[in-house]
Amino acid sequence: MRTTVERVRDERGAVVSVWTTVIATIMVLVLGIAVDLGGLVHAKQSAGDAAAQAARWAGQQLSTGTLLDTGRLEVRTRQARAAAVDYLQAVGMTGTATVENGTTLIVTAHATYRPLFLSSIGVGPLEVTGSSSVRVVRVENGTER
């Protein structure tokens, strides 16, 4: 029959195994959170970049007739909206585009980020949004007209 002292000596590594398992689990969880938060930030930046590019693209939809007749720049609203939405669809996003005052374009892009690690604990796809605006102006010799 074993004594209590002998039993404790035989089981002394069991406590270290439990702590090692707990610490390893925590480290994996922290690593997963870091990776997924980085991915979420990247997805948000990508949505903002796509919105900026779509707004620039939509800003090319100018009414040349208005420019020639009145000397003012004016964006063709319907074509600008369609150009922005088409651009967003081409890069795999959805979004909206509005035109204010005939010269300011506002584009909002929506994308989805799917977590790599956190999806294993039930964190589902996350929606991200980016927006940008562009004001179309006429510049002559460095002066806005």
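Predicted, not measured: the structure shown is a model, and the values here were computed from it. (Residues numbered from 1 in each chain as written. Predicted model: local features only at pLDDT ≥ 70, side-chain atom pairs only at ≥ 80, totals over all residues. Heavy atoms only, no water.)

J.: Tell me about the overall build of the protein chain, residues and numbers included.
T.: Across its full length, the protein chain carries 4 helices and 5 strands. The linear arrangement of helices and strands in the protein chain, starting from the amino end, is α-α-α-α-β-β-β-β-β. For the protein chain, the proportion of its 145 residues judged to be buried stands at 28%. For the protein chain, restricting intrachain contacts to residue pairs at least 6 apart in sequence, the fraction spanning at least 24 positions comes to 52%. Approximately 9900 Å² of the protein chain is accessible, and the part contributed by carbon and sulfur atoms is 58%. (Helix = DSSP H or I, 4+ residues; strand = E, 2+ residues; numbered from the N terminus. Buried < 20%, exposed > 50% of the residue type's maximum accessible area, 1.4 Å probe, protein only. Contact = heavy atoms within 4.5 Å. Areas by Shrake-Rupley, 256 points an atom, 1.4 Å probe, with all protein chains shown as cover.)

J.: Give me the lowdown on the environment of Leu88, citing residues and values where you can.
T.: Mapped onto the elements, Leu88 comes out in helix H4 (residues 77-90). Those residues in contact with Leu88 that lie beyond four places of it in its chain are Ala50, Ala51, Ala54, Met93, Thr94, Gly95, Thr96, Val107, Thr108 and Ala109.

J.: Please give an account of the pairing of strand S2 (residues 104-113) that cites residues and values.
T.: Among the 10 residues of S2, 7 are classified as buried, and the element is accordingly described as predominantly covered. In this structure, strand S1 (residues 94-100) lies alongside S2, joined through 7 bridges in antiparallel fashion. Looking at the pairing, Ala97 lines up with Val107 of S2. Hairpin connection of S1 to S2: 3 residues between the antiparallel strands, including Asn101 at a positive phi of 55°. (Pairing = 2+ DSSP bridges.)

J.: Lay out the sheet that holds S2 in plain terms, naming residues and giving numbers.
T.: One open sheet accounts for 3 strands, arranged S1-S2-S3; its pairing is antiparallel. A strand with exactly one partner marks an edge of an open sheet, and here the two such strands are S1 and strand S3 (126-135). Going from strand to strand, the sheet's axes swing by 15° on average, the running direction of each strand aside. Alignment of S2 against S3, held across 10 bridges, turns out to be antiparallel. From the neighbouring strand, Thr104 faces S3, where its bridge partner is Arg135. The sheet strands contacting H4 are S1 and S2, and the helix crosses S1 at an angle near 155°. (Axes fitted to C-alpha atoms, helices over the stretch in contact; angles between N-to-C directions.)

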